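Each chain, letter by letter, is given below.
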Amino acid sequence: MNLRRSLSVLVALVAVLTMAPSPAHAAPTVGGTLKFGWRGVEFFAASGIANDLRGFTAEDGTLSVYDTGRDIAIDPDIAYKCTKTQGQDIIVVCKFNAYLFFQLGDRDDRIQIGGPIPVSVQGGSGNDQLDANGQKAPASLYGQQGDDRLWGGPAGDYLDVGAGDRTKQSIVDYWTGDDTCKGAFDYSVGCDRF
Ligand SMILES: [Ca+2]
Ligand SMILES: [Ca+2]
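These numbers were taken from a predicted model, which means no experiment stands behind them.

Undergrad: Hey, could you run me through the overall build of the chain in this one?
TA: Across its full length, the chain carries one helix and 17 strands. Buried residues in the chain amount to 35% of all 194 residues.

Structure follows, in structure tokens:
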């Protein structure tokens, strides 16, 4: 074996040895990032993701967020207030007496929110389903672009489907709160103001 051939074999061997082993389970995609901003604890979706989110709050200021089947990045500034548990879903729990805000970004997203702390959601582009049936405190839901469907909760909510095909957008609130409904829609239940 000449020197050139030996070197090429060595290079090939090093390349094989330094290749990352393929994990049994690929790391889940990151669905978005949690950070602290002027609206409270804010979730910003990563682009290109059809998010399937849950956001729950408790009386003691505990905020729990997960994006089904995905990971959530935590801004280093609030990492000391948050823990991440990895069960069937990766759940981020932050002890933070603040409002919760979600920006779902592009694609067709879904979110369910619930609890005693006010929550605000911006659906972004795509046909989104924003569900505040579990809320006790007021919800502010903005469908934004696309054809969106909103569900209010028991408090007085602000429900804005935004622009879109009014035959495909809807606002439904089966509760008694004093609800404001905005945007282009033909079908609604429980709106008190327009
Ligand atoms: Ca999204
Ligand atoms: Ca939308």
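Undergrad: What is the right way to read the sheet that holds strand 7 (residues 90-95) from this model?
TA: Strands belonging to one sheet form pairs held by backbone hydrogen bonds; the direction of such a pair is parallel or antiparallel. Within the open sheet, the nine strands sit side by side as 6-7-4-3-9-11-13-15-17. Their pairing is mixed. Lying at the two open borders of the sheet, with one neighbouring strand each, are strand 6 (82-86) and strand 17 (187-189). Taken over all neighbouring pairs, the strand axes of this sheet differ in orientation by 10 degrees on average, direction set aside. When strand 6 meets strand 7, the two strands line up antiparallel, connected through five bridges. Note on strand 7: the bridge partner recorded for T85 is I91.

Undergrad: Honestly, the sheet that holds strand 16 (residues 180-182) in this entry has me stumped. Any pointers?
TA: One open sheet accounts for eight strands, arranged 5-1-2-8-10-12-14-16; its pairing is mixed. Sheet topology places strand 5 (71-74) and strand 16 at the edges, where each strand pairs with a single neighbour. The mean angle between the axes of side-by-side strands here comes to 15 degrees, regardless of whether they run parallel or antiparallel. Pairing analysis gives four bridges linking strand 8 (residues 100-103) to strand 10 (residues 119-122), with the strands arranged parallel. Within the sheet, the bridge partner assigned to F102 lies in strand 10 and is V121.

Undergrad: What is the right way to look at the pairing of strand 12 (residues 139-142) in this model?
TA: Within a regular beta strand, the side chains point alternately toward one face of the sheet and then the other, so they alternate between its two faces. Inspection of the sheet shows strand 10 paired to strand 12 by four bridges, in the parallel sense. Within strand 12, the residue paired with V121 across the bridge is L141. Across three bridges, strand 12 lies against strand 14 (residues 158-160) in parallel orientation. The residue bridging S140 from the neighbouring strand is Y158, located in strand 14.

Undergrad: I tried to follow the environment of G61 on my own but got confused; where do I start?
TA: Along the chain, the position of G61 falls in the loop between strand 3 (52-57) and strand 4 (62-67). With near-sequence residues (within four places) excluded, G61 lies in contact with K95, F96 and N97.

Undergrad: Hey, could you run me through unusual backbone geometry in this one?
TA: Trans is the common state for peptide bonds, and a negative phi is the common state for residues other than glycine. At R107, a residue that is not glycine, the phi angle is positive and equals roughly 70 degrees. By the secondary structure assignment, R107 is in the loop between strand 8 and strand 9 (110-115).

Undergrad: In this structure, what is going on with the environment of A27? I would like to understand it.
TA: Counting through the fold element by element, A27 comes out in the loop between helix 1 (3-18) and strand 1 (30-37). Overall, A27 belongs to the exposed group, with 7 C-beta atoms counted inside 10 Å.

Undergrad: Can you help me understand the nonpolar core in this one?
TA: Proteins that are soluble and globular tend to have nonpolar side chains buried together. In this structure, V65, L100, F102, I111, V121, L141 and L150 are the most contacted members of the largest nonpolar core, which totals 33 residues. If we skip the residues at most four places from it in the chain, L141 touches V121, L130, A132, L150, D157, L159 and D160.

Undergrad: Looking at this model, I keep getting lost on the pairing of strand 2 (residues 40-45). Mind explaining?
TA: Bridge analysis of strand 1 against strand 2 gives six bridges, and the strand direction is antiparallel. Within the sheet, the bridge partner assigned to G37 lies in strand 2 and is G40. Adjacent in sequence and paired antiparallel, strand 1 and strand 2 are bridged by two residues. Here strand 2 pairs with strand 8 via four bridges, running parallel. If you follow E42 over to strand 8, its bridge partner there is F101.

What counts as what
Residues numbered from 1 in each chain as written. Chains lettered and ligands numbered in written order. Predicted model: local features only at pLDDT ≥ 70, side-chain atom pairs only at ≥ 80, totals over all residues. Helix = DSSP H or I, 4+ residues; strand = E, 2+ residues; numbered from the N terminus. Buried ≥ 20, exposed ≤ 12 C-beta atoms within 10 Å, placed from the backbone. Pairing = 2+ DSSP bridges. Axes fitted to C-alpha atoms, helices over the stretch in contact; angles between N-to-C directions. Contact = placed C-beta atoms within 7 Å. Core = buried A, V, L, I, M, F, W, Y, C linked by C-beta atoms within 7 Å.

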